[in-house]
Amino acid sequence: MLDGKIAIVTGGSSGIGAATATLFAKNGATVIVTSEQPRDAIQPVVDRIVSAGGKAQAATCDIMDRDAIAALVAGVERDHGRLDTLIQSAGVCFWGPIEEMPARKIDLMFGVNTIGPISMIQAALPAMRRSGGGAIVNISSGAAMLGVNEFAVYAATKAAIAHFTRTLAPELRRSNIRCNSIGPGSVRTPMLGFESDELTPEQQEGMVRREARSISPYGNAMMEPDDIAQVALFLCSDAARALQGSFVLADQGISSAMLPPAS
């Protein structure tokens, strides 16, 4: 499906990014797995891909560092001769009452979730045009379209990148580059709190309740990262050529009022 394609996946050391990198490599792409984490944190994902017969390499890149982004894209084009696909999965999420939200967390969320992806696209577009086109997928959030208590800032950052994607699409139409976004719901990832030791007792209790209450016809309350990776794979395939500037809501029906039963 992606044979011969060169793909950059941001936020690739865990969660949706790691699942997407793995799935894309399985489908023939050479994947540059990036994260702001040290290379040692990225390499296990690359090793799993290579051991399964795929092609991948690790690259540390802070998505808020424009010089680092430019160097990353230049290196990919130098080493592989092209850039076809960009999956932007890097993200951070903090929640709580707005009056208690530290400024540093607000700045970080906008930096990583909104400004960083825009900067990455600015750097990637010339290389993608030289390659004859390609596909960009920005991971937004279902929270961008649905009011979620104590997630106001995070939701704003994700709504911004979703609308940026929609508005950017017409600019790219003559370059054979399709740009779409995905709005995941609750996915079992470290960003949402799994594997985190920073949650308050109340937040931990909320996560347990959410896990115990199914909102899906499939009978599981949380999605897995691969569920979103599969959507990204479709959006980057030729089968999705009709989708340009789209926001694909993949939230298990939460926004359609498929709410959990009362506990």
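Higher on the page you've got the structure.
All of the points below concern the structure found in this document. The model shown is predicted, which means the values in this text are computed figures rather than measured ones.

### Here's the deal with helix H1 (residues 15-26)
The first and last C-alpha atoms of H1 sit 17 Å apart over 12 residues, in line with the 16 Å expected at 1.5 Å per residue. Burial runs high along H1: 10 of the 12 residues are buried. Taken as a whole, H1 has its buried residues at Gly15, Ile16, Gly17, Ala18, Ala19, Thr20, Ala21, Leu23, Phe24 and Ala25.

### Here we look at unusual backbone geometry
The phi dihedral of Glu150 is positive, around 70°, even though this residue is not glycine. Looking at the secondary structure, you find Glu150 in the loop between strand S5 (134-139) and helix H5 (152-172). The partly exposed category is assigned to Glu150, whose relative accessible area is 34%. In the Ramachandran plot, Asn176 falls in the positive-phi region, its phi being about 60° despite a non-glycine side chain. The topology assignment puts Asn176 in the loop between H5 and strand S6 (177-184). For Asn176, a relative accessible area of 54% corresponds to the exposed category.

### So, the sheet that holds S6
Taken in spatial order, the 7 strands make up an open sheet running S3-S2-S1-S4-S5-S6-S7, and their pairing is parallel. If you trace the sheet from one side to the other, it starts and ends with strand S3 (55-60) and strand S7 (247-250), each paired once. Taken over all neighbouring pairs, the strand axes of this sheet differ in orientation by 15° on average, direction set aside. In terms of strand pairing, strand S4 (residues 85-88) meets S5 through 4 bridges, oriented parallel. The residue of S5 that forms the bridge with Ile87 is Val137. Of the strands in this sheet, strand S2 (30-35) and S3 touch helix H2 (residues 39-51), which is tilted by about 175° from S3. Packed onto the sheet, helix H4 (residues 103-130) meets strand S1 (6-10), S4, S5 and S6 and runs at close to 170° relative to S4.

The rules behind each value
Residues numbered from 1 in each chain as written. Predicted model: local features only at pLDDT ≥ 70, side-chain atom pairs only at ≥ 80, totals over all residues. Heavy atoms only, no water. Helix = DSSP H or I, 4+ residues; strand = E, 2+ residues; numbered from the N terminus. Expected span 1.5 Å × (residues − 1). Buried < 20%, exposed > 50% of the residue type's maximum accessible area, 1.4 Å probe, protein only. Pairing = 2+ DSSP bridges. Axes fitted to C-alpha atoms, helices over the stretch in contact; angles between N-to-C directions. Contact = heavy atoms within 4.5 Å.

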